[in-house]
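Secondary and tertiary structure notes
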Amino acid sequence: IALGLYLLAMLLLGWFWSQEPEAFNVQEVTQQSAEQSGRPLVSGYTSVETLKQVAGTLLDKRGGYLSNDVAPPGVWLDNMPSWEYGVLVQVRDFSRALRKDFARSQTQSTEDKDLSKAEPLFNFDNRKWMLPSSESQYQAGIQALDRYLVRLSAPEPKAQFYTRADNLNNWLGDVATRLGSLSQQLSASVGRVRLDTDVAATDADHAGEKMVETPWLEIDNVFYEARGQAWALSHLLRAIEVDFADVLAKKNATVSVRQIIRELEAAQEPLWSPMVLNGSGYGILANHSLVMANYISRANAAVIDLRNLLSQG
């Protein structure tokens, strides 16, 4: 009886911990942060503060950070760790963009000292629980972002954030690559025979065929990783819409950003099924991965259109 009650308690706790965090209002959170710290809302503040909040959600949500748990019920869960990894991928990409593009005026300029510390901290092993733990490294990365934010919003700024079309376009290139990869993985939930696109272009006549299919036990992991990336990316794009408002308006690209956000938010609608179903494309049962692939592909297409707009004079 005691063992049964323990397993029931762990089951309920695991279910509670597996609930995905709600979306937060980017502008409200940024405004509250600025008021509490007494800092002005300078260009770039919203983007950096949003990145901090997205990374902080990994540590502060229900159950905390679960990817490196070694005790029940966390060690039994896989959907939420996959969601966490999806969020972490976007945190890593955006922190790299901050260090490489947004905080530098040109390729020959010096990189920011705090951003150069934050990026490798977020790239720390996401499953390590021994000292130093993943949580401690990610918390240190958040603190490095906050130090950058303090210098950025100082009366005499000692840090920079450049809102240029080329900087934004570079990051969007990484976004398009991520979304394209996710779309392929989600579509592979239904096995398909495809031409081998890895062959050289000059040898196209001899391209063979290969079976592409996501292993059955990994289908839900890919699904929840996609939801995590969509959750993080939708918040970061809302921040970009604020900080790059002038650039987007000049390029007539504001509507494109909002369309991407809409597709990503649609990918986060509640899943009413108790499990991720993997029916065939036109079968009796639904295939949730294909539905998700539709939204991700549409978002990716909108990102490509947005990059084209930003590239135009």
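Below, the structure is looked at part by part. (Residues numbered from 1 in each chain as written. Predicted model: local features only at pLDDT ≥ 70, side-chain atom pairs only at ≥ 80, totals over all residues. Heavy atoms only, no water.)

1. Points about the overall build of the protein
In terms of regular secondary structure, the protein is built from eleven helices and two strands. Starting at the N terminus and walking to the C terminus, you meet the elements of the protein as α-α-α-α-α-α-α-β-β-α-α-α-α. With respect to the principal axes defined by its C-alpha atoms, the protein has extents near 65 × 60 × 35 Å. Here the protein, with 313 residues, has 48% of them falling under the buried criterion. Taking contacts inside the protein between residues at least 6 apart in sequence as the whole, the part at least 24 apart equals 72%. Just so you have it, the protein exposes about 16200 Å², and 54% of that area is on carbon and sulfur atoms. (Helix = DSSP H or I, 4+ residues; strand = E, 2+ residues; numbered from the N terminus. Buried < 20%, exposed > 50% of the residue type's maximum accessible area, 1.4 Å probe, protein only. Contact = heavy atoms within 4.5 Å. Areas by Shrake-Rupley, 256 points an atom, 1.4 Å probe, with all protein chains shown as cover.)

2. Considering helix α4 (residues 79–102)
Taking 1.5 Å per residue as the helical rise, α4 with its 24 residues ought to reach 34 Å, and the 33 Å between its terminal C-alpha atoms agrees with that figure. With 19 of its 24 residues buried, α4 lies for the most part within the structure. (Expected span 1.5 Å × (residues − 1).)

3. Re helix α1 (residues 2–17)
With 16 residues, α1 should reach 22 Å at 1.5 Å per residue; the first-to-last C-alpha distance of 22 Å fits that figure. All of the buried residues in α1 are Met 10, Gly 14 and Trp 17. Seen from one end, α1 has its buried residues packed into an arc of 65°, which puts them on one side. More than 90 degrees from the buried face of α1, the exposed residues found are Leu 5, Leu 11, Leu 12 and Trp 15. In this fold, the buried residues of α1 make contact with α4. (Arc of directions from axis to C-beta.)

4. Details of the environment of Glu 119
Here Glu 119 shows up in helix α5 (residues 115–122). Taking the C-alpha atoms as reference, Glu 119 lies 27 Å from Ser 18; in sequence the two are 101 residues apart. Other than its neighbours up to four places away in sequence, Glu 119 contacts Ser 95, Arg 96 and Arg 99. A distance of 2.9 Å separates polar atoms of two side chains, one belonging to Glu 119 and the other to Arg 99. (Polar contact = N/O pair within 3.5 Å; in protein donor to acceptor, adjacent residues only side chain to side chain.)

5. Here we look at the nonpolar core
Leu 98 and Trp 171 are the most contacted members of the largest nonpolar core, which has 78 residues in total. Here this core takes 13 residues from helix α8 (residues 219–243), the largest share from any one element. (Core = buried A, V, L, I, M, F, W, Y, C linked by side-chain atoms within 4.5 Å.)

6. A closer look at the layout of surface pockets
Taken as a whole, the largest pocket spans an internal volume of roughly 1100 Å³. The wall of the largest pocket is formed by 34 residues, among which Ser 18, Gln 19, Glu 20, Asn 79 and Tyr 224 lie closest to the centre. Elements with a contribution of two residues or more to the lining of the largest pocket: α1 and α8. The residue inventory of the lining of the largest pocket, partitioned by class, reads 20 nonpolar, seven polar and seven charged. The computed volume of the second largest pocket comes to approximately 190 Å³. Lining the second largest pocket we find Ala 23, Phe 24, Asn 25, Val 26, Gln 27, Ser 234, His 235, Arg 238, Glu 241, Val 242, Glu 265 and Gln 268. Those elements giving two or more residues to the lining of the second largest pocket turn out to be α2 (26–37) and α8. The dominant element in the lining of the second largest pocket, judged by the number of residues it contributes, is α8, at five residues. Here the lining of the second largest pocket is composed, by residue class, of four nonpolar, five polar and three charged. (1 Å grid on protein atoms, 1.4 Å probe; cavity = no way out; pocket = protein on both sides within 12 Å on 5 of 7 lines; lining within 4 Å. Points joined across faces, edges and corners; volume = space filled by probe spheres on them. Nonpolar A, V, L, I, M, F, W, Y, C, P; charged D, E, K, R; others polar.)

7. Description of the side chain of Ser 116
In this structure, Ser 116 sits in helix α5. With residues up to four places along the chain from it excluded, the contact list for Ser 116 reads Arg 99 and Glu 111.

8. Considering the environment of Leu 13
You can see Leu 13 is positioned in helix α1. Each C-alpha atom, one on Leu 13 and one on Pro 73, is 7.0 Å from the other, the two residues being 60 residues apart in sequence.

9. Remarks on the packing of α8 against helix α10 (residues 254–266)
Direction vectors running N to C along α8 and α10 enclose 160°, while the axes themselves pass 9 Å from each other. It follows from the interaxial angle that α8 and α10 lie roughly antiparallel. At the point where α8 passes α10, the crossing takes the left-handed sense. Counted together, Ala 230, Leu 233, Ser 234, Leu 237, Arg 238 and Glu 241 of α8 and Thr 254, Val 257, Arg 258, Ile 260, Ile 261, Leu 264 and Glu 265 of α10 form the full contact between these two elements. Classifying every residue of the contact of α8 with α10 by side-chain character gives seven nonpolar, two polar and four charged. (Axes fitted to C-alpha atoms, helices over the stretch in contact; angles between N-to-C directions. Parallel < 35°, antiparallel > 145°, perpendicular 65-115°, else oblique. Left-handed = near helix turned anticlockwise from the far one by under 90°.)

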